[in-house]
Amino acid sequence: MSAPPEPPPRAVFRVSPLVVLVALTLAVCVTPVAWAAPYLWLIYLIPIGIIVWTLRVRTTADPEMVTVRKIVGGRRVPWGEIAKVRLGRARNPASARVSAVLADGSELALPAVHVRDLPRLAAVSGGRLPDPAATAE
């Protein structure tokens, strides 16, 4: 008999790094406006905020727990406290946001995790979350 497959050691879900390129392009495009009047240079805070958000926000899952990192702070939740996952409403179901429903009934948003990532999240969980691709067959 073959041994059960080992779960992947860790999965990291991040916002696409192309967002940084978009933010830098925005910074270049607002330059004429930013220097047109006093204090309009503060408009550069928008692309800086987008870059910080892109580089900071992520969800990391390993066989023991799920770690959510936000712009300020974060949270670590063991797999035993996660009862199920919930999909948010979206026009396009493939782009729906995913949140974890905890044992106490509260929800924890999983940033950068989408429906397409659920099979990978289920594999990392070691069977604690059902694989939606396997149940659809």
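The sections below set out a description of the structure shown in this document. Given the structure is predicted, the values throughout are model-derived calculations rather than measurements.

Procedures and definitions
Residues numbered from 1 in each chain as written. Predicted model: local features only at pLDDT ≥ 70, side-chain atom pairs only at ≥ 80, totals over all residues. Heavy atoms only, no water. Helix = DSSP H or I, 4+ residues; strand = E, 2+ residues; numbered from the N terminus. Buried < 20%, exposed > 50% of the residue type's maximum accessible area, 1.4 Å probe, protein only. Polar contact = N/O pair within 3.5 Å; in protein donor to acceptor, adjacent residues only side chain to side chain. Pairing = 2+ DSSP bridges. Phe/Tyr/Trp six-rings, centres within 6.5 Å; stacked < 30°, edge-to-face > 60°.

Let us now look at the side chain of serine 125. Among the structural elements, serine 125 can be located in the loop between helix 4 (118-124) and helix 5 (132-135). A relative accessible area of 0% places serine 125 in the buried class. Of note is the side chain of serine 125, whose polar atom sits 2.7 Å from the backbone oxygen of alanine 122.

Our next topic: the pairing of strand 7 (residues 107-114). Counting buried residues along strand 7, 6 of its 8 residues qualify, which places the element largely inside the surrounding structure. Relative to strand 7, strand 6 (residues 97-102) runs antiparallel, the two being bridged by 4 bridges. Bridging from a neighbouring strand, alanine 100 pairs with leucine 108 of strand 7.

So, on to the environment of valine 72. By the element assignment, valine 72 lies in the loop between strand 3 (65-69) and strand 4 (74-78). Using a relative accessible area of 73% as the deciding quantity, one classes valine 72 as exposed. Spatially, the C-alpha atoms of valine 72 and arginine 56 are 8.7 Å apart, while their sequence positions differ by 16 residues.

Moving on, we get to the packing of aromatic side chains. Summed over the entire model, instances satisfying the criterion amount to 1 aromatic pair. Ring centres 6.5 Å apart and planes at 55 degrees place the aromatic pair tryptophan 35 and tyrosine 44 in the tilted group. Tryptophan 35 gets classed as exposed once you look at its relative accessible area, which sits at 61%.

On their own, these measurements won't tell you what the molecule is for.
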